[in-house]
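Each chain is listed here by its residues.
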Amino acid sequence: MNSITVRTPATTANLGPGFDSIGMALDLWNELTITRGDFSISTVGEGADLVPQDTRNLIVTGVEAVFNHIGQSIPSLQYHCKNAIPFSRGLGSSSAAIVSGLLAGSAISGLDLTKEELTILAANIEGHSDNVAPAIYGGCTVGVRNGTKGWIVDQVSVPEDLFAVLFVPDILSNTNESRAVLPDQVSRPDAVYNIGRAALLVNALSTGRMELLKYATDDRLHQPHRTQAFKAMPHLIAAALKGGAHGAFLSGSGPSVLALATGREVTVSYEMAETARTHGLSGKPMILSIAHCGASVVASS
Ligand code: HSE
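Anyway, here's the lowdown on the structure attached to this text.

### Brief notes about the overall build of the chain
Each helix and strand in the chain was counted, giving ten helices and eleven strands. Over its C-alpha trace the chain gives a radius of gyration of 19 Å, about what one expects of a compact globule, namely 19 Å for 301 residues. Summarising its shape, the C-alpha atoms of the chain cover approximately 55 × 40 × 35 Å along the three principal directions. Across the 301 residues of the chain, 52% fall into the buried class.

Okay, structure coming up:
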């Protein structure tokens with residue numbers, strides 16, 4: 001192979017109580033083309049002036065991980081990125097870069113790694129699987145660590161008519177900083193609070209009992225600690241529920257807030273945007289379908 005093009009979806013992680021474990025793919029895609037040639041990176045679209053244009057780029061990290069995994073030297077490649085996923089806003093832009101690089105690297109190597117193998121490599125780079133797993137599999141996924149290097153991923157069916165309604169603030173979030181505010185220890189009542197809700201969330205999504213989501217998307221493990229940095233978050237969640245969302249939560253480590261809705265998307269979006277405006281938070285509303293398939297190779301030559 002001389003050239004490979006892959007598409008990888010945006011993802012939302014945690015979904016409220018499923019910290020580092022549950023995620024969902026969204027119908028918004030980055031496209032990467034790698035071509036054999038002298039090393040270069042060009043990026044257009046979201047984050048074009050922010051993403052590193054050298055080997056620190058996570059796309060390169062993904063390609064390198066494949067070639068290290070198979071024990072071959074890393075080929076010299078030209079990378080061209082067309083990005084639609086907002087950069088560093090809690091919508092899985094880092095995971096999309098890692099997964100794009102892994103998938104493109106896997107294809108150009110001729111090895112064609114399985115989804116399971118891609119997930120292990122991706123989650124070991126990211127440190128958790130809740131963005132990379134849905135980016136690879138599509139839909140909603142639960143991922144758990146198995147030993148020091150292994151991961152188990154399973155898909156959760158979600159209703160076809162479910163939409164994600166987002167408010168994407170203009171401010172950037174650094175995941176490492178956003179994780180640094182989280183305590184190392186949690187209390188037993190808080191653990192029980194989240195365990196029950198995470199189980200309820202998975203069951204509600206797979207049975208279509210959307211009326212349970214307003215309870216099932218609440219969280220005590222990360223959102224309360226991240227409110228200090230994203231003060232509008234609880235107000236945006238309340239606005240989404242007022243507008244008729246089934247449930248709402250901080251998307252990944254923020255700053256975006258995501259609501260799940262069926263048939264009330266425009267009202268939910270309006271309520272969230274209006275609340276953001278009254279709190280002096282600039283940004284953009286988005287309404288997205290759930291992406292039911294994950295990253296794929298769309299062209300090769
Ligand atoms: N589960 C992660 C977090 C998602 O909340 O920090 C962002 O990488």
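### Section: the sheet that holds strand β10 (residues 283-289)
Ordered in space as β8-β9-β7-β10, the four strands form an open sheet in which the pairing is antiparallel. A single partner strand is all that each edge strand has here, and the edge strands are β8 (247-250) and β10. Each neighbouring strand pair of the sheet contributes to a mean axis angle of 20°, computed without reference to strand direction. Sheet topology places strand β7 (residues 163-169) next to β10; seven bridges connect them, and they run antiparallel.

### Concerning the pairing of strand β2 (residues 22-36)
Most of β2 is tucked away: eleven of the 15 residues are buried. Pairing of strand β1 (residues 3-13) with β2 involves eleven bridges; the strand directions are antiparallel. When the sheet's bridge partners are listed, Thr11 is paired in β2 with Ala25. The sheet contact formed by β2 and strand β5 (residues 140-146) spans three bridges and is antiparallel. Bridged to Met24 within β5 is Cys140.

### Looking at the pattern of salt bridges
Per the stated rule, a full pass over the model turns up eight salt bridges. Arg179 serves as the salt-bridge partner of Asp20, at 2.7 Å between the closest nitrogen and oxygen. With a gap of 159 residues between them, Asp20 in the loop between β1 and β2 and Arg179 in helix α5 (residues 175-180) connect regions that are remote in the sequence. Owing to a relative accessible area of 18%, Asp20 belongs among the buried residues under this scheme. In this structure Arg179 comes out as partly exposed when scored by relative accessible area, which is 28%. Here Glu274 makes a salt bridge to Arg277, at a shortest N to O gap of 2.5 Å. Taken together, the residues span about one helical turn, with Glu274 and Arg277 both in helix α10 (residues 265-278) at a distance of three residues. Judged by its relative accessible area of 26%, Glu274 is partly exposed.

### Things to note about helix α9 (residues 233-242)
Residues of α9 that are buried include every one of Met233, Leu236, Ile237, Ala239 and Ala240, and no others. Considered in projection along α9, the buried side chains sweep an arc of 160° and stay on one side of the axis. Close packing links the buried residues of α9 with β7, α8 (223-226), β8, β9 (257-261) and α10. A positive phi of about 110° marks Gly244, the residue just after α9.

### Some thoughts on the site of the ligand
Inspection of the region around the ligand gives Ala13, Asn14, Phe19, Asp20, His128, Asp130, Asn131, Thr175, Arg179, Arg226, Gly252 and Ser253 as its neighbouring residues. One of the side-chain nitrogen or oxygen atoms of Asp20 is found 2.6 Å away from a nitrogen atom of the ligand. Within the side chain of Asp130, one N or O atom sits 2.7 Å away from a nitrogen atom of the ligand. Classifying every residue of the shell around the ligand gives two nonpolar, six polar and four charged. Per-domain counts for the shell around the ligand show at least three residues from each of domain 1 (3-157 + 291-300) and domain 2 (163-289).

Criteria and cut-off values
- The residue count restarts for each chain, going from 1 along the sequence in the order it is written.
- In keeping with the predicted nature of the model, local features appear solely for residues at pLDDT of at least 70, side-chain atom pairs appear and are counted solely at 80 or more, and the whole-chain, interface and lining totals rest on all residues.
- Side-chain measures here rest on the full set of heavy atoms in the structure, leaving out hydrogens and waters.
- Secondary structure elements are defined from DSSP: runs of H or I of at least 4 residues count as helices, runs of E of at least 2 residues count as strands, and each element is numbered from the N terminus.
- We compute the radius of gyration over the C-alpha atoms and compare it with the globule rule, which gives 2.2 Å times the number of residues raised to the power 0.38.
- With a 1.4 Å probe rolled over the protein chains alone, any residue whose accessible area is under 20% of its type maximum counts as buried; one over 50% counts as exposed, and the rest are partly exposed.
- Two strands are counted as paired when DSSP detects at least two bridges linking them.
- Axis definition: a line fitted to C-alpha atoms, over the contacting stretch in the case of helices. Angles run 0 to 180 degrees between N-to-C directions.
- The term salt bridge refers to a side-chain nitrogen of Lys or Arg lying within 4 Å of a carboxyl oxygen of Asp or Glu.
- Note: the arc covers the axis-to-C-beta directions of the helix.
- Whether two residues are in contact is decided by their heavy atoms: any pair within 4.5 Å suffices.
- One heavy atom suffices: a residue is near a molecule or strand as soon as one of its heavy atoms comes within 4 Å of it.
- Any pair of nitrogen or oxygen atoms within 3.5 Å is treated as a polar contact; in protein, a donor-acceptor pairing is required on top of that, and neighbouring residues in sequence qualify only through side-chain atoms on both sides.
- Gly is placed with the polar residues, together with every amino acid not listed as nonpolar (Ala, Val, Leu, Ile, Met, Phe, Trp, Tyr, Cys and Pro) or charged (Asp, Glu, Lys and Arg).
- Domain extents, as shown, originate in an automatic or database domain assignment.

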